[in-house]
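# Tertiary structure, described
Now for the letters of each chain:
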Amino acid sequence: AWTYVADPGTHADAEGTAVRFVSFCITIGGMLVFALMIGIISDEISGRVDDLKEGKSRVIESNHTLMLGWSDKSLAIIEQIALANESE
């Protein structure tokens, strides 16, 4: 039965109207199951990528300094932070 679900051409050599009809229904059901699985997986990946783009993911790093904005005083501030971190 798995070959009917995974490969739509498997039932081509089936004999009898009833057997071919059942094989066809199994094939259509298999296509729907695969389409559903691909849709669910694609939606989950898309959601995770969107969360990463929006910055909603957890930051695992620690002991970091974050400086927002840049000006002419930024280099002096970075030097002071570096000196303070060396003394720890």
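What comes next concerns the included structure. Just so you know, these numbers come straight off a predicted model, no measurement behind them. (Residues numbered from 1 in each chain as written. Predicted model: local features only at pLDDT ≥ 70, side-chain atom pairs only at ≥ 80, totals over all residues. Heavy atoms only, no water.)

## Quick look at the overall build of the protein chain
Worth spelling out the cut-off: A helix here means a DSSP run of H or I that spans at least four residues, while a strand means a run of E at least two residues long, and both kinds are numbered starting from the N terminus. To sort residues, take the accessible area from a 1.4 Å probe on protein chains only and compare it with the maximum for the residue type: under 20% means buried, over 50% means exposed, and anything in between is partly exposed. Accessible areas in this description were obtained via Shrake-Rupley with a 1.4 Å probe; residue shielding takes into account the shown protein chains only.
Within the protein chain, the secondary structure is distributed over three helices and zero strands. Along the protein chain, helices and strands appear, N-terminal first, in the series α-α-α. Burial status across the protein chain gives 7% buried among its 88 residues. Of the roughly 7800 Å² of accessible surface on the protein chain, 63% is carried by carbon and sulfur atoms.

## Here we look at the side chain of Ser-74
Under the convention used in this document: Think of a polar contact as two N or O atoms within 3.5 Å of one another; within protein, one of them needs to be a possible hydrogen donor and the other a possible acceptor, and neighboring residues in sequence only count if both atoms come from side chains. The contact definition used throughout considers only heavy atoms, calling two residues in contact when any of these lie within 4.5 Å.
Tracing the chain through its elements places Ser-74 in helix 3 (residues 74-86). There is a polar contact of 2.8 Å between the side chain of Ser-74 and the backbone nitrogen of Ser-71. For Ser-74, the residues in contact, after removing those within four places along its chain, are Met-67 and Gly-69.

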